[in-house]
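Read off the chains here:
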Amino acid sequence: MQGLIEFKSVTKTYGAGSSAVHAFGPVSLDIAEGEFISFLGPSGCGKSTLMLMIAGLLEASAGTIRLAGKEVHAPQTDIGIMFQDNTLVPWRTVRGNIELQLEMRGIPVEQHAEHISSLLQSVHLADFADRYPFELSGGMQQRAAFCQAMVHRPKIVLLDEPLGKLDAMTREHIRADLQKLWMQTRSTVIFVTHSIEEAVQLSTKVAVITPRPGKVETVIDIDLPFPRDLKVKGSSAFIRHVREIQEIFHGYGVI
Amino acid sequence: MAMASSDGKGAMTHLIGWVAQSWMFIAFFIGFFLFWEFSIGFFNVPLYILTPPSMIVTKAWADLPRLFAYTYVTGLETILGYMVAIVIALPLGLAIAFSSILRRTIYPFFVTIEMVPKIAFAPIFISWLGFGLLPKVIIVFLVCFFPIVLNAILAFNSLSEELQRFSRSTGAGVWRTFVKIRLPAALPQCFVGFKYAGLNATVGAAIAEFIGSDQGLGFYIQITTGNMRPELAFAGIFFLTAIGLVLFGIITLAERILIPWHISVRRIQA
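(A) The arrangement of helix α9 (residues 217–226) of chain B in detail. Residue and element names in this part refer to chain B. All of the buried residues along α9 are Leu 217, Gly 218, Phe 219, Tyr 220, Ile 221 and Thr 224. In the core, the buried residues of α9 are packed alongside α3 (64–98), α8 (174–211) and α10 (230–258). Of the residues one or two after α9, Met 228 is the one with positive phi, at around 60 degrees.

(B) Quick look at the sheet that holds strand β3 (residues 36–40) of chain A. Residues and elements named next belong to chain A. Pairing is mixed in the open sheet, where 6 strands are placed in the order β6-β7-β8-β3-β9-β10. Lying at the two open borders of the sheet, with one neighbouring strand each, are β6 (79–82) and β10 (216–221). Strand after strand, the sheet turns through a mean of 15 degrees between neighbouring axes, direction not considered. The strands that helix α1 (residues 47–54) touches are β3, β6, β7 (156–160), β8 (188–193) and β9 (205–209); relative to β8, the one it contacts most, it runs at about 155 degrees. Strand contacts of helix α4 (residues 138–150): β6 and β7, with the helix running at about 165 degrees to β6, the strand carrying the most contacts.

(C) Quick peek at the packing of α8 of chain B against α9 of chain B. Residues and elements named next belong to chain B. Where α8 contacts α9, the axes come no closer than 7 Å and their chain directions differ by 55 degrees. Taken together, the axis directions place α8 and α9 in an arrangement best described as oblique. The way α8 lies across α9 gives a crossing that is right-handed. Every residue of α9 that contacts α8 at Ala 206, Glu 209 and Phe 210 is listed here: Leu 217, Gly 218, Phe 219, Ile 221 and Gln 222.

(D) Inspection of the sheet that holds strand β5 (residues 70–71) of chain A at higher detail. Residues and elements named next belong to chain A. With antiparallel pairing, the 4 strands of this open sheet are ordered in space as β2-β1-β4-β5. Both edges of this open sheet fall to β2 (21–31) and β5, since each of them pairs with a single strand only. The strands touched by α1 within the sheet are β1 (5–14), β2 and β4 (62–67), with β1 carrying the most contacts at an inclination of about 125 degrees.

(E) Representation of the layout of surface pockets. Residue and element names in this part refer to chain B. By volume, the largest pocket amounts to about 460 Å³. Ile 56, Val 57, Phe 234, Ala 235 and Phe 238 are the residues nearest the centre of the largest pocket, which is lined by 17 residues in total. Those elements that place two or more of their residues in the lining of the largest pocket are α1 (8–42), α2 (53–62) and α10. With 7 residues, α10 is the largest single contributor of residues to the lining of the largest pocket. Its residues assigned to classes, the lining of the largest pocket comprises 16 nonpolar, 1 polar and no charged. In terms of domain composition, the lining of the largest pocket takes at least three residues from each of domain 1 (1–45) and domain 2 (48–269).

(F) Spatial organisation of the side chain of Thr 78 of chain B. All names here are of chain B. On the secondary structure map, Thr 78 appears in helix α3. The class of Thr 78 is buried, set by a relative accessible area of 0%. At 2.7 Å, the side chain of Thr 78 forms a polar contact with the backbone oxygen of Thr 74.

(G) Spotlight on the pairing of β10 of chain A. All names here are of chain A. The sheet contact formed by β9 and β10 spans 5 bridges and is antiparallel. Looking at the pairing, Ala 207 lines up with Val 219 of β10. Connecting β9 to the next strand, β10, in antiparallel fashion are 6 residues.

(H) Molecular detail of the state of the cysteines. Residue and element names in this part refer to chain B. Scanning the model with the defined rule gives 0 disulfides over all chains in all. Cys 144 carries a free sulfur, and the closest cysteine sulfur to it, the one in Cys 190, is 15 Å from it. By relative accessible area, which is 0% here, Cys 144 ends up buried.

(I) Structural context of the interface of chain B and chain A. Contacts between the two partners involve 19 residues from chain B, matched on the other side by 25 residues from chain A. In this assembly, chain B packs against chain A so that about 2100 Å² is buried in total across both faces, 70% of it on carbon and sulfur atoms. Where chain B packs against chain A, one counts 1 salt bridge. Across the pair Glu 103 of chain A and Lys 180 of chain B runs a salt bridge, and its minimum N-O distance is 2.8 Å. Linking chain B with chain A are 3 residue pairs in polar contact (both at pLDDT 80 or more), by the criterion used here. Of all the secondary-structure elements, those providing two or more residues to the side of chain B that touches chain A are α7 (161–170) and α8 of chain B. With 8 residues, the top contributor of residues to the side of chain B that touches chain A is α7 of chain B.

What counts, and where the lines are drawn
Residues numbered from 1 in each chain as written. Chains lettered and ligands numbered in written order. Predicted model: local features only at pLDDT ≥ 70, side-chain atom pairs only at ≥ 80, totals over all residues. Heavy atoms only, no water. Buried < 20%, exposed > 50% of the residue type's maximum accessible area, 1.4 Å probe, protein only. Helix = DSSP H or I, 4+ residues; strand = E, 2+ residues; numbered from the N terminus. Contact = heavy atoms within 4.5 Å. Pairing = 2+ DSSP bridges. Axes fitted to C-alpha atoms, helices over the stretch in contact; angles between N-to-C directions. Parallel < 35°, antiparallel > 145°, perpendicular 65-115°, else oblique. Left-handed = near helix turned anticlockwise from the far one by under 90°. 1 Å grid on protein atoms, 1.4 Å probe; cavity = no way out; pocket = protein on both sides within 12 Å on 5 of 7 lines; lining within 4 Å. Points joined across faces, edges and corners; volume = space filled by probe spheres on them. Nonpolar A, V, L, I, M, F, W, Y, C, P; charged D, E, K, R; others polar. Domains from an automatic or database assignment. Polar contact = N/O pair within 3.5 Å; in protein donor to acceptor, adjacent residues only side chain to side chain. Disulfide = S-S within 2.5 Å. Buried area = accessible area lost by both parts, 1.4 Å probe. Salt bridge = Lys/Arg side-chain N within 4 Å of Asp/Glu carboxyl O.

Written out as structure tokens, the structure reads:
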């Protein structure tokens, strides 16, 4: 079966000649529709770059990426992206920032007022719609950024370490909300992270990426029931997956 | 948002709060003028060297019509030069930020010229263009132009990579991206240039008048000093300062209206 997103011997090299840096590759990977796949790897392994290539925001040095059968060469507009540093602009409120996504696409905002409200509701931000980003905590900002990335109902969602800068408790909380939302929409999600536990908890598949030059070491099926609450996380199957990935990184001397 | 509480009662509490916070500064200010007032007599300073503040006020009061007329002249030079600088420098900064050719030609040229003290051109302009309004406006323009254009280039060049990628991922066109993201993101840095230029505008006008003019506050300060009338020179300086304060007030007001969300504005209102 053909995947929704296909990587075929994709490599990325920075610079040229003898000073060229081989960042990662070759990477070949198929991602099916409706999958929640994590790109899990240490810092600098190129997982964010890989993600941005799907969106057509970065070009591969060699190899091809296909999206629904079509080669990606320009920015893709039917994708929702949450960047490492959120793209909330300081001159707009939370609601205004979500509307920015629609306005940039020329979509009439009024028709989506209810949709925005329900999105805010689902991430517990309903009371903060008229606040400015600087009035929110880091966790709330990420929740708002998540709504911004989702408001145009993208089929594919790219999340680049969305919880990376948050404290452990906030992470845990937002993770649960994220999972609930995904279970409703079942969109295809690429989730970039360096937290093993986070990857195993959220994903249907985990692509384990090696240190530079990054390669997909293995893709692990996480065959656990959703929602993955505390009980699932305490199960021996969950712990076995975590252990397995830890072994891989230990072998590379990363942990 | 933050400007909601500007009713009378709010303003009063604001004032009381300000006095409570700044009493040390106010006391120092009053103390400074008292010291000035009484030390003239105490140290036997001749009045043609320095006069007490009270005398500045009374003598300036008598010469008020002339001071006002000259304030108008210098104020006009300042505002005109400043406005022309903004009107030319802002679009030019934008063009340089987005054109790689201009960035390699005009930009290094401007950076070099920025090193030259613009005021040094003043005698040349006056010899070319005479004693009238035009050479003064040009000198104010020169003083204001560079900070505005250099900050505008910086402003339009420093959009974060994330926001650039976000814009591209939406498929929005150049114009929509400019209006909705680039311009508002650039405004705070632009205002750095506006403010710096605003502080220097009156300096340009005053020095231009020192060099060659028959009216204006710079002319007034020079003439009265030459006539051993320091009290009137100080009055001239006071009015010159007032022009600068009004200009800076207008810029700050514009900043509050245009970028109330920015940290520099929020901090003042907090």
